[in-house]
Amino acid sequence: MKIAVCIKRVPDSETRVKIASDGKSLDEAGVKFILNPYDEFAVEEALRRKEQAGAGEVVVVALGPAAAQETIRTALAMGADRGVLLQVDRIPADGLEAAKALAAELKGGGYDLILFGKMAIDDYNHQVGPMVAELLDLPCVTTVAHLEIAGARGTAEREVEGGVEVVEFTLPAVLTTDKGLNEPRYPALKGIMAAKKKPLDTKPTTVGQGGLEILALMPPPERKDGKIVGEGAAAVPELVRLLREEAKVL
Amino acid sequence: MSGVLAVLEQRDGALRKVSHEVVTGARRLGDALGGTVDALVLAAGAVGGSADQLGAFGADKVITLTHAAFGRYAPEGYSRAIAEHVRAGGYRAVVFAASATGKDLAPRVAARLGVPLAQDVTDVGVESGAVTVVRPVYAGKALLKLKLAASPALVSLRPNVFTPVQRPKAGVAESAAAAVPGGGGGGGGGGGGRVTVREVKAAQAGALDVAEAPIVVSGGRGLKEPANFKILEELAGAFGGTAAVGASRAVVDAGWRPHADQVGQTGKTVSPTLYIAVGISGAIQHLAGMRTAKVIVAINKDKDAPIFKVADYGIVGDLFEVVPKLTDEIRKLHG
């Protein structure tokens, strides 16, 4: 099993968002960056598939700034074999441009599986995985929460509104992973030490601007101050009255 | 061309509610661009009553593209057929739903057409002839305003945000068999290609998804144990089929509730009309997932819990007393 996992360096989910002076981007001062949580499921799944097959290689690929080397080392510490950083100054807002750069790197790599997290928790673009699949003309299943593979065929389950879709596909394939697929391992000290010696290839990369132009990054509208209706069950009739007469939602 | 295409969703031959929202969003773009709105539905056969219904929401024409394999979502067949329809129609914009299917389908169509995609948008507009969108990023902690410089401009709309507006106008219905090439040379066939949806295992009959329900009742650690979610299910049930039960990350991570129910940064972002947070303290990553609800109610025993800062109405108290009382009152309303 030769598996590629595409990962992204993102601000920690606890980050308090401060908008930079350009009014278009995040002020990164003091922000802690992590491996995108959905990508952890992809890395874990790749490691398990390789372990089950008893042989193979897990290659981690990231598009990002030089600092994303650290993110790649995290995946290497979990157990991936080697990393590739497609180094850019800034990740474009247009997911198709990111997909093109990744597809160019992955093309002809002989991968049985190419895994992505279902989305990145910073831009919420939710698109790069299936775009890479289209660019490479590979079958693709997104938001996979359960996976079985036998030979060159796989069955995946993905959550849809009010149910679960059971999807059959052929390998090689692109899959994007959802929470629930597995429980990602924590890098052990041994893994962290080993990761330092694993190969990490940095390739300066040029990405196009694409067709999405950022006009502004804005704080969300403040919610107007609410009120405490009262204490305990005695306050319920007044709450229901307010929901009906003031908020008009009942 | 300044036409807008609305890509609809059906399940079991019936249009999904989110399709009305997609037509509404497409109409808004169509009006701003000065163009017509076509609504496209892919199905195995006729989709009942859709033309009149969609006409009323703003579609000028409703096109049903039929194929034996289009009864269920067929990722490769759908994306190929839609991309070809968009090319042939020369549309200026294409609007999808940011549903489980739409979020899977739209990127495929975008890559096929070689144009960018703005997913999960909460607002659309036109400025100096270009389509603009607003989309929540960083789990709703900020909003990104983007201009789509390409044509067609592809967008998917967050469910529950574009309130369907009725217009007194009927659409014209059109139906065509989809000519989708078979396999060979990649891309797959209509349905028998490399990716096939074998079945859709339905959750409990009539269960609403938290991302699409008009009312969401969510529970957190304050419920103390998984079995106690029964009181939230009873409250949700009292709304007569319009409410879903959600959960905080803490209780999903503890295995009390399925991940499908999680509201927050690593779960779902919801925008219901009414969100009732029960026994949820309101961690920043939970607030990120529900702060766009129209009205928020919080029930918590800790008067200093952060959830009260975003709630429109709060009750400080023991949820095991407050929630059953609320259920009774709601039942009275619904007779």
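Residues numbered from 1 in each chain as written. Chains lettered and ligands numbered in written order. Predicted model: local features only at pLDDT ≥ 70, side-chain atom pairs only at ≥ 80, totals over all residues.

*Asks:* Could you clarify how one ought to interpret the overall build of chain A in this entry?
*Replies:* Check the secondary structure of chain A and you find 6 helices and 13 strands. Here the C-alpha coordinates of chain A stretch approximately 65 × 45 × 40 Å along the principal axes. Within the span of chain A, comprising 250 residues, buried residues form 50% of the whole. Pairs at least 24 apart in sequence give 70% of the contacts found in chain A among residues at least 6 apart. (Helix = DSSP H or I, 4+ residues; strand = E, 2+ residues; numbered from the N terminus. Buried ≥ 20, exposed ≤ 12 C-beta atoms within 10 Å, placed from the backbone. Contact = placed C-beta atoms within 7 Å.)

*Asks:* I keep staring at the overall build of chain B and nothing clicks. Help me out?
*Replies:* What chain B contains, in helices and strands, is 9 helices and 18 strands. Scaling as 2.2 N^0.38, a compact globule of 335 residues should have a C-alpha radius of gyration of about 20 Å, and chain B matches this with 21 Å. Expressed along its principal axes, the backbone C-alpha trace of chain B runs to roughly 60 × 45 × 40 Å. Within chain B, the fraction of its 335 residues that count as buried is 63%. A sequence separation of at least 24 residues applies to 66% of the contacts in chain B between residues at least 6 apart. (Rg over C-alpha atoms; globule rule 2.2 N^0.38 Å.)

*Asks:* What's the story with the sheet that holds strand 7 (residues 117-121) of chain B in this structure? I'm lost.
*Replies:* Either a parallel or an antiparallel arrangement is found when strands of a sheet pair, and the pairing is made through backbone hydrogen bonds. All names here are of chain B. With parallel pairing, the 7 strands of this open sheet are ordered in space as 7-11-6-1-4-5-12. Lying at the two open borders of the sheet, with one neighbouring strand each, are strand 7 and strand 12 (172-177). Averaged over neighbouring strand pairs, the angle between their axes works out to 20° when direction is ignored. Where strand 1 (residues 4-7) meets strand 4 (residues 37-43), 4 bridges bridge the pair, whose relative direction is parallel. Across the sheet, residue V7 finds its bridge partner in strand 4, namely L40. Sheet contacts for helix 2 (residues 50-57): strand 4, strand 5 (61-66) and strand 12; angle to strand 5, the most-contacted strand, approximately 140°. Here helix 3 (residues 75-89) sits on the sheet in contact with strand 1, strand 4, strand 5 and strand 6 (93-97), set at roughly 155° to strand 4. (Pairing = 2+ DSSP bridges. Axes fitted to C-alpha atoms, helices over the stretch in contact; angles between N-to-C directions.)

*Asks:* Is there a simple way to think about the domain arrangement of chain B in this case?
*Replies:* Accessible area lost during the coming together of the parts is what is often quoted as the interface size. All names here are of chain B. Structurally, chain B comprises domain 1 (4-177) and domain 2 (215-333). Of note, the centres of domain 1 and domain 2, computed from C-alpha atoms alone, are 32 Å apart. Between domain 1 and domain 2, the residue contacts involve 7 residues of the former and 9 residues of the latter. Residue classes in the side of domain 1 that touches domain 2 are distributed as 3 nonpolar, 2 polar and 2 charged. (Domains from an automatic or database assignment. Nonpolar A, V, L, I, M, F, W, Y, C, P; charged D, E, K, R; others polar.)

*Asks:* Would you mind going over the packing of helix 3 of chain B against helix 4 (residues 100-113) of chain B with me for this structure?
*Replies:* Each packed pair of helices is defined by two parameters, the angle between the axes and the distance between the axes. Residue and element names in this part refer to chain B. As a packed pair, helix 3 and helix 4 sit with axes 9 Å apart at the nearest point and diverge in direction by 50°. Between helix 3 and helix 4, the angle falls in the class oblique. The crossing of helix 3 and helix 4 is right-handed. Packed against helix 3, whose contacting residues are P75, Y78, S79, I82, A83 and V86, the element helix 4 presents D104, L105, R108, V109, R112 and L113 at the interface. Within the contact of helix 3 with helix 4, the residues separate by chemical class into 8 nonpolar, 1 polar and 3 charged. (Parallel < 35°, antiparallel > 145°, perpendicular 65-115°, else oblique. Left-handed = near helix turned anticlockwise from the far one by under 90°.)

*Asks:* Teacher, can you tell me more about the interface of chain B and chain A here?
*Replies:* At the junction of the two partners, chain B supplies 78 residues and chain A supplies 70 residues. Considering each element in turn, the side of chain B that touches chain A owes the most residues, 9 residues, to helix 4 of chain B. A class-by-class count of the residues in the side of chain B that touches chain A yields 42 nonpolar, 15 polar and 21 charged. Here strand 13 (residues 227-231) of chain A pairs with strand 18 (residues 313-316) of chain B via 4 bridges, running parallel. When the sheet's bridge partners are listed, G230(A) is paired in strand 18 of chain B with I315(B).

*Asks:* Can you walk me through helix 4 of chain B in this structure?
*Replies:* Counting along an α-helix, one turn takes 3.6 residues, and residues three or four places apart therefore face a common direction. All names here are of chain B. Look at helix 4: 21 Å from first C-alpha to last across 14 residues, which is about the 20 Å you get at 1.5 Å a residue. Counting buried positions over the 14 residues of helix 4 gives 13, a clear majority of the element. At the C-terminal side of helix 4, G114 shows a positive phi close to 70°. (Expected span 1.5 Å × (residues − 1).)

*Asks:* Can you walk me through the sheet that holds strand 12 (residues 212-218) of chain A in this structure?
*Replies:* Taking strand neighbours across the sheet as the criterion, the 4 strands line up as 12(A)-10(B)-9(B)-8(B) in an open arrangement whose pairing is antiparallel. Of all strands in the sheet, those bounded by a partner on one side alone are strand 12 of chain A together with strand 8 (123-127) of chain B. Within the sheet, the average angular offset between the axes of one strand and its neighbour, ignoring direction, is 25°. Taken strand by strand, helix 1 (residues 18-33) of chain B contacts strand 8 and strand 9 (130-137) of chain B, and its axis lies near 10° from that of strand 8 of chain B.

*Asks:* I keep staring at the nonpolar core and nothing clicks. Help me out?
*Replies:* The nonpolar side chains of soluble globular proteins are, as a tendency, buried together. Judged by nonpolar contacts, the single largest core of 198 residues is most densely connected at V5(A), L102(A), V132(A), A6(B), V22(B), A39(B) and V95(B). Looking at this core element by element, the count peaks at 7 residues for helix 3 (residues 95-106) of chain A. When residues of this core are sorted by domain, at least three fall in each of domain 1 (4-177) and domain 2 (215-333) of chain B. Contacts of V22(B), omitting those with residues within four sequence positions, involve A6(B), V7(B), L8(B), V95(B), F96(B), A97(B) and L157(B). (Core = buried A, V, L, I, M, F, W, Y, C linked by C-beta atoms within 7 Å.)

*Asks:* I'm lost on the pairing of strand 17 (residues 295-300) of chain B in this one. Help?
*Replies:* Where a strand is regular, its side chains alternate between the two sheet faces. All names here are of chain B. Judged by how many residues are buried, strand 17 sits mostly within the fold: 6 of 6 residues are covered. Residues V295, V297 and I299 of strand 17 are buried on one face, and the alternating residues I296, A298 and N300, pointing to the opposite face, are buried as well. Here strand 17 runs beside strand 18; their pairing, made up of 4 bridges, is parallel. Bridge assignment links I299 to a residue of strand 18, and that residue is I315.

*Asks:* Teacher, can you tell me more about the packing of helix 4 (residues 128-136) of chain A against helix 4 of chain B here?
*Replies:* In the contact formed by helix 4 of chain A and helix 4 of chain B, the axes pass within 8 Å of each other and the chain directions differ by 40°. When the axis of helix 4 of chain A is compared with that of helix 4 of chain B, the two are oblique. The handedness of the crossing between helix 4 of chain A and helix 4 of chain B is right-handed. The segment helix 4 of chain A lies against helix 4 of chain B, with P130(A), M131(A), E134(A) and L135(A) engaging D104(B), P107(B), R108(B), A110(B), A111(B) and R112(B). When the residues that make up the contact of helix 4 of chain A with helix 4 of chain B are grouped by side-chain class, the tally is 6 nonpolar, no polar and 4 charged.

*Asks:* What exactly am I supposed to notice about the environment of Q87(A) here?
*Replies:* Residue and element names in this part refer to chain A. In this fold, Q87 is placed in strand 5 (residues 82-87). A sequence separation of 120 residues divides Q87 from V207, and the C-alpha atoms of the two residues are 9.7 Å apart. Not counting residues within four places of it along the chain, the set of residues in contact with Q87 comprises P65, A66, T202, K203, P204 and T205.

*Asks:* I'm lost on unusual backbone geometry in this one. Help?
*Replies:* Negative phi values dominate among residues other than glycine, just as trans dominates among peptide bonds. The omega torsion of the bond from L171(A) to P172(A) falls at -5°, within 30 degrees of zero and hence cis. With respect to the helices, strands and loops of the structure, P172(A) is situated in the loop between strand 9 (163-170) and strand 10 (173-177). Note that the residue after S151(B), namely P152(B), is joined by a cis bond; omega there is 0°. Within the element layout of this structure, P152(B) appears in the loop between strand 10 (142-148) and strand 11 (153-157). The backbone phi angle of A139(B) is positive, close to 55°, even though this residue is not glycine. Here A139(B) shows up in the loop between strand 9 and strand 10. Owing to 24 C-beta atoms within 10 Å, A139(B) belongs among the buried residues under this scheme.

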